[in-house]
Amino acid sequence: MTKEPIEVLDDLANQVADEFEAYRQPDEFKDVSLVIENSDEEHPTLIVHVDREDAESLADRIDEFLREHGARTERERHSATDVRVLATVD
């Protein structure tokens, strides 16, 4: 039995949270936030929001991590300190 895309993205979000834990401290502003947008149940998207100085370099690392784990990625750059990596899976 294969997993649904939402389940795969949930697992992937947990892996990102573990891998980039240093940027997600519970008592501080989070440099990396994770959201699964599932309004389209067949094609949910994991959104990794990087909000910090030099966001692009951290977004590069996250993008590479997601691709290594089988996701297709796109980027939205809103400013030098605001980058979103969008990940989808089959």
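Conventions and cut-offs
What you see as residue numbers is a count from 1 along each chain, following the sequence as written. At least 70 in pLDDT is required for a residue's local features to be given in this predicted model, at least 80 for side-chain atom pairs to be given and counted, and no such filter applies to totals for whole chains, interfaces and linings, which use all residues. Water and hydrogen atoms were dropped before computing side-chain values, which therefore reflect all heavy atoms in the structure. Relative accessibility under 20% of the residue-type maximum defines a buried residue, over 50% an exposed one, and the middle range a partly exposed one, all with a 1.4 Å probe and only protein chains included. The helix count covers DSSP runs of H or I at least four residues long, the strand count covers runs of E at least two residues long, and both are numbered beginning at the N terminus. Two strands make a pair as long as DSSP finds a minimum of two bridges between them. When a carboxyl oxygen of Asp or Glu lies within 4 Å of a side-chain nitrogen of Lys or Arg, that pair is called a salt bridge.

*Asks:* Please explain the pairing of strand 2 (residues 45–51) as it appears in this structure.
*Replies:* A regular strand places its side chains so that they alternate between the two faces of the sheet. Of all seven residues making up strand 2, five are buried, and the element is well covered by its neighbours. The sheet contact formed by strand 1 (residues 32–37) and strand 2 spans six bridges and is antiparallel. Looking across to strand 2, one finds that Ile36 is bridged to Leu46. Examined bridge by bridge, strand 2 and strand 4 (residues 82–88) share six bridges and lie antiparallel to one another. Bridge pairing in strand 4 links Asp51 to Asp82.

*Asks:* Looking at this structure, how should I read the pattern of salt bridges?
*Replies:* Side-chain pairs of opposite charge can arise where the charged atoms are in close proximity. Following the criterion strictly, the structure yields nine salt bridges and no others. When the shortest N-O distance is used, the salt bridge between Arg75 and Glu56 registers 2.5 Å. In this pair, Arg75 is assigned in strand 3 (residues 72–79) and Glu56 in helix 2 (residues 55–68), connecting sequence segments 19 residues apart. Residue class for Arg75 comes out partly exposed when judged on its relative accessible area of 31%. The shortest N-O distance in the salt bridge between Arg67 and Asp63 comes to 2.6 Å. In this pair, Arg67 and Asp63 both sit in helix 2, four residues apart, roughly one turn of the helix. Looking at Arg67, the relative accessible area reads 48%, which means it is partly exposed. Assessed through its relative accessible area of 7%, Asp63 is described here as buried.

Functional significance is not addressed by these values, which are geometric in nature.
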